[in-house]
Amino acid sequence: MAVTITSYNIEKETASGLTLVDFWAPWCGPCKMLEPVLDQLESNYEGRIKFGKLNVDHQQEIAEKYKIMSIPALVLFRDGKAVEKVTGYYPKDKLTKYLDSKVETR
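This structure is a prediction, so every number in the text was calculated from the model and none was measured.

1. Focus: the overall build of the protein
And step 1. If you tally the helices and strands in the protein, you get four helices and five strands.
And step 2. From first element to last, N terminus to C terminus, the protein shows the α and β order β-α-β-α-β-α-β-β-α.
And step 3. Along the longest, intermediate and shortest principal axes, the C-alpha atoms of the protein span 30 × 30 × 20 Å.
And step 4. When each of the 106 residues of the protein is scored for burial, the buried share is 44%.
And step 5. Considering only residue pairs separated by 6 or more positions, the protein has 73% of its internal contacts joining residues 24 or more positions apart.
And step 6. Of the side chains in the protein, 15 bear a positive and 15 a negative charge, and the two mean positions are spaced by 4 Å.

Quick look at the structure:
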């Protein structure tokens with residue numbers, strides 16, 4: 001289960017390895033479509049990529065810090081640093097290819 005990311009734990013949760021943070025909101029239709037895809041990917045990448053979820057309605061200052069202009073947005077952290085951002089809905093196979101390439105370059 002993806003960890004809930006807040007201003008209190010974002011540094012700790014993204015500090016080591018690869019962490020994919022889903023910036024979402026409950027009113028966002030594409031976010032709801034992406035949720036089951038991310039749930040499946042989380043079990044596929046267990047031990048290799050940590051997954052987190054950040055509700056932009058509750059954590060606006062973090063969304064602003066990472067320049068989240070539209071959701072869903074996925075920010076990939078590597079050892080505590082935000083290294084890439086993808087915005088919008090992506091199907092499972094496309095996200096799998098993306099994440100595979102990130103795991104391989106680790």
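Additional details are given in the paragraphs that follow.
2. Observations concerning the pattern of salt bridges
And step 1. Applying the stated criterion to the full structure yields four salt bridges.
And step 2. A salt bridge links Lys50 to Glu13; its shortest N-O distance comes to 2.7 Å. Placement of the pair is Lys50 in strand β3 (residues 49–55) and Glu13 in helix α1 (residues 10–13), with a sequence separation of 37 residues.
And step 3. Relative accessible area serves as the criterion here: at 36%, Lys50 is assigned to the partly exposed category.
And step 4. Ionic pairing is found between Lys102 and Glu84, a salt bridge with its closest N-O pair at 2.7 Å. On the criterion of sequence distance, the pair formed by Lys102 in helix α4 (residues 92–104) and Glu84 in strand β5 (residues 81–87) is long-range, its members being 18 residues apart.
And step 5. Relative accessible area serves as the criterion here: at 15%, Lys102 is assigned to the buried category.
And step 6. A single network of salt bridges, built from pairs that share partners, joins Lys12, Glu13 and Lys50.

3. Remarks on the UniProt feature "site: Deprotonates C-terminal active site Cys" (unreviewed entry) in the protein
And step 1. Under the feature "site: Deprotonates C-terminal active site Cys" (unreviewed entry), the UniProt entry names Asp22.
And step 2. Relative to the elements of secondary structure, Asp22 occurs in strand β2 (residues 18–24).
And step 3. Residue Asp22 is classed as buried on the basis of its relative accessible area, which comes to 1%.
And step 4. Among residues more than four places away in sequence, those in contact with Asp22 are Leu34, Leu38, Gly52, Lys53, Leu54, Pro72, Ala73 and Leu74.

4. Focus: the sheet that holds strand β4 (residues 73–78)
Across a sheet, paired strands are connected by hydrogen bonds in the backbone, their directions being either parallel or antiparallel.
And step 1. A sheet is described by the order of its strands in space; here five strands give the open sequence β1-β3-β2-β4-β5, paired in mixed fashion. In this open sheet, the two strands that pair with only one neighbour each are β1 (3–4) and β5.
And step 2. Packing of α4 onto the sheet brings it into contact with β2, β3, β4 and β5, and relative to β4 it is tilted by some 15 degrees.

5. A look at the UniProt feature "active site" (unreviewed entry) in the protein
And step 1. The feature "active site" (unreviewed entry), as given by UniProt, occupies Cys28 and Cys31 in the numbering adopted here.
And step 2. Relative to the helices and strands, Cys28 is located in the loop between β2 and α2 (29–44).
And step 3. Look past the residues within four positions of Cys28 in its chain and what remains in contact with it is Ile71 and Pro72.
And step 4. Looking at the secondary structure, you find Cys31 in helix α2.

What counts as what
- Residues numbered from 1 in each chain as written.
- Predicted model: local features only at pLDDT ≥ 70, side-chain atom pairs only at ≥ 80, totals over all residues.
- Heavy atoms only, no water.
- Helix = DSSP H or I, 4+ residues; strand = E, 2+ residues; numbered from the N terminus.
- Buried < 20%, exposed > 50% of the residue type's maximum accessible area, 1.4 Å probe, protein only.
- Contact = heavy atoms within 4.5 Å.
- Lys, Arg positive; Asp, Glu negative; His and termini not counted.
- Charge placed at Lys NZ, Arg CZ, Asp CG, Glu CD.
- Salt bridge = Lys/Arg side-chain N within 4 Å of Asp/Glu carboxyl O.
- UniProt positions renumbered as here; feature names shortened; annotations may be inferred.
- Pairing = 2+ DSSP bridges.
- Axes fitted to C-alpha atoms, helices over the stretch in contact; angles between N-to-C directions.

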